[in-house]
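Remarks on the overall topology
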Amino acid sequence: MIFRGKFNVIVVIVCIALCAAACFTAFAAPARAAEVAVLDVARVIDASKPGKAAQRYVDELKVKLEAELESYKKSSAGKSDSAQLIAQRQRQLTERYQAEYARVTTLVRSRLDETVVKWLNSSGGEISVVLPTNFTVAFSDTTNISDKILKLFNGVVVDIVKK
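Okay, so let's go over this structure. (Residues numbered from 1 in each chain as written. Predicted model: local features only at pLDDT ≥ 70, side-chain atom pairs only at ≥ 80, totals over all residues. Heavy atoms only, no water.)

Moving on, we get to the overall build of the protein chain. The helix and strand tally for the protein chain stands at five helices and two strands. Along the protein chain, from the amino end to the carboxyl end, the secondary structure elements read α-β-α-α-α-β-α. Evaluated residue by residue, the protein chain yields a buried proportion of 23% over its 163 residues. Roughly 11800 Å² of accessible area belongs to the protein chain as shown, and the carbon and sulfur atoms make up 61% of that amount. (Helix = DSSP H or I, 4+ residues; strand = E, 2+ residues; numbered from the N terminus. Buried < 20%, exposed > 50% of the residue type's maximum accessible area, 1.4 Å probe, protein only. Areas by Shrake-Rupley, 256 points an atom, 1.4 Å probe, with all protein chains shown as cover.)

So this is what it looks like as structure tokens:
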């Protein structure tokens, strides 16, 4: 016999036990997969109070800037370089609108993201990932949290006018 003495036998038994444990761990069934939820971001923003307020704000801004351009056209009529001045003013107003639209969109989206994170943290660990629906191929209605987030987001105040 290769193994002599109690000590050697104990060492061999411990080694066999450790190898068996390593094999069981390596081939064990994976832990329960993290639960994933999906969110229709565009629908939530479009249907929410903050989203509607943001849309109203940019719509009103567009009307105001268009009126400003029309007024400028009237005031510069008859000038020799009026077409050039009007084109320049139109570019300025378009840039102003685009910058404000981007600011408002970013603000609303960041507040929505904060709302989703708060909901996720309060989900009790049941959900660990929230994906936008446009990043998924298919999903079950039971994973769609859009209605839950919409209810929460309707309670959020987004100060759109504050810069």
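Now that the structure has been shown, we can carry on.
With the rule as written, the count across this model stands at one aromatic pair. The ring of Y72 has R89 lying over it, and the distance from NZ or CZ to the ring centre is 5.8 Å. (Phe/Tyr/Trp six-rings, centres within 6.5 Å; stacked < 30°, edge-to-face > 60°. Lys NZ or Arg CZ within 6 Å of the ring centre and 35° of its normal.)

Mapped onto the elements of the fold, S76 is located in the loop between α3 (49-75) and α4 (82-121). Expressed as a C-alpha distance, the spacing of S76 and I86, which sit 10 residues apart in the sequence, is 7.7 Å. Setting aside anything within four residues of it in sequence, one finds S76 in contact with S82 and I86. A distance of 2.8 Å separates the side chain of S76 from the backbone oxygen of Y72, its partner in a polar contact. (Contact = heavy atoms within 4.5 Å. Polar contact = N/O pair within 3.5 Å; in protein donor to acceptor, adjacent residues only side chain to side chain.)

Glancing now at a nonpolar patch on the surface. A contiguous nonpolar patch, built from V36, V129 and L131 and spanning about 180 Å² of accessible area, is present on the exposed surface. Tracing the sequence through the fold places V129 in strand β2 (residues 129-132). A relative accessible area of 32% means that V129 is categorised as partly exposed. (Patch = residues over 30% accessible without salt bridge, like charges linked within 9 Å, V, L, I, M, F, W, Y side chains within 5 Å. Salt bridge = Lys/Arg side-chain N within 4 Å of Asp/Glu carboxyl O.)

Per the stated rule, a full pass over the model turns up seven salt bridges. For R89, the salt bridge goes to E68, with nearest N and O atoms at 2.2 Å. Pair noted here: R89 is in helix α4 and E68 is in helix α3, with a separation of 21 residues, a long-range link. Accessibility expressed as a relative area gives 24% for E68, which makes it partly exposed. With its nearest N and O atoms 3.3 Å apart, the salt bridge here joins E70 to K73. With E70 and K73 both in helix α3, this residue pair falls three residues apart, about one helical turn. The exposure class of E70 is partly exposed, given its relative accessible area of 41%.

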